[in-house]
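Fold and contact review
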Amino acid sequence: VQLQASGGGLVQAGGSLRLSCAASGRTFSDYAMGWFRQAPGKEREFVAAISWGGGSTKYADSVKGRFTISRDNAKKTVDLQMNSLKPEDTAVYYCAASRSSYLTTNAMDFGSWGQGTQVTVSS
């Protein structure tokens, strides 16, 4: 599956951004989707994940209550709504497709990755 992320940008602390990831290739509804991020000098970390049907979600503790992941299987998209952004949310954000339909937070379970989109939150 091919993934194309968009929606990043520069925003002030407390602001909002919505990231979107468009998928093409294998049947989108067959697999769980996730968002990860990587800040300069840090390892890639899990942000949010959603099951194949959208009924189950998981979030990193650092974004819980501020970020919301959603998907539209008909449009083959997965979005990440980010509210109350903080400077520590600054990173390159990647969408990823799992190898299965089951919800997972482990990066090793994701076989396809988008190119990444930069999110910068100024203080």
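The structure we're discussing is the one just above.
So, a few notes on the structure that sits alongside this text. Predicted, not measured: the structure shown is a model, and the values here were computed from it. (Residues numbered from 1 in each chain as written. Predicted model: local features only at pLDDT ≥ 70, side-chain atom pairs only at ≥ 80, totals over all residues. Heavy atoms only, no water.)

All right, on to the environment of Tyr31 then. Tracing the backbone shows Tyr31 in the loop between strand 3 (17-24) and strand 4 (33-38). Measuring from C-alpha to C-alpha, the distance between Tyr31 and Gly14 comes to 32 Å, with 17 residues separating the pair along the chain. Those residues within four positions of Tyr31 in sequence are excluded, and the remaining contacts are Val1, Ala23, Arg26, Trp52, Arg71, Ala97, Ser98, Ser100 and Ser101. (Helix = DSSP H or I, 4+ residues; strand = E, 2+ residues; numbered from the N terminus. Contact = heavy atoms within 4.5 Å.)

On to the sheet that holds strand 7 (residues 67-72), then. Reading across the sheet, the 4 strands line up as 1-3-8-7 and stay open at both edges, with antiparallel pairing between neighbours. The open sheet has two free edges, formed respectively by strand 1 (2-6) and strand 7, since each of these has just one partner strand. Along the sheet, successive strands turn relative to each other by an average axial angle of 15°, direction set aside. For strand 1 and strand 3, the ladder comprises 5 bridges, and the chain directions are antiparallel. Residue pairing across strands places Leu3 opposite Ala23, the latter belonging to strand 3. (Pairing = 2+ DSSP bridges. Axes fitted to C-alpha atoms, helices over the stretch in contact; angles between N-to-C directions.)

The tally for this structure, following the rule as stated, stands at 5 salt bridges. Linking Lys64 and Asp61 is a salt bridge whose minimum nitrogen-to-oxygen distance equals 3.1 Å. The same class applies to Lys64 as to Asp61, namely exposed. The residue Asp89 makes a salt bridge to Arg66 at a minimum N-O spacing of 2.8 Å. (Salt bridge = Lys/Arg side-chain N within 4 Å of Asp/Glu carboxyl O. Buried < 20%, exposed > 50% of the residue type's maximum accessible area, 1.4 Å probe, protein only.)

Enumeration according to the criterion identifies 5 aromatic pairs in this entry. Here the aromatic rings of Phe28 and Tyr31 are separated by 5.8 Å at their centres, their planes lie at 80°, and the arrangement is edge-to-face. Since its relative accessible area comes to 1%, Phe28 is described here as buried. In this structure Tyr31 comes out as buried when scored by relative accessible area, which is 0%. (Phe/Tyr/Trp six-rings, centres within 6.5 Å; stacked < 30°, edge-to-face > 60°.)

It is worth spelling out the state of the cysteines at this point. Simply put, the disulfide is a covalent bond whose two ends are the sulfur atoms of two cysteines. Under the counting rule described, the total for this entry stands at 1 disulfide. The residue that forms a disulfide with Cys21 is Cys95, at a sulfur-sulfur distance of 2.1 Å. Across the disulfide from Cys21 to Cys95, rotation about the S-S bond amounts to roughly 55°, and the bridge is consequently right-handed. Taken together, the residues span a long stretch of sequence, with Cys21 in strand 3 and Cys95 in strand 9 (residues 91-98) at a distance of 74 residues. We note that Cys21, like Cys95, is buried. (Disulfide = S-S within 2.5 Å.)

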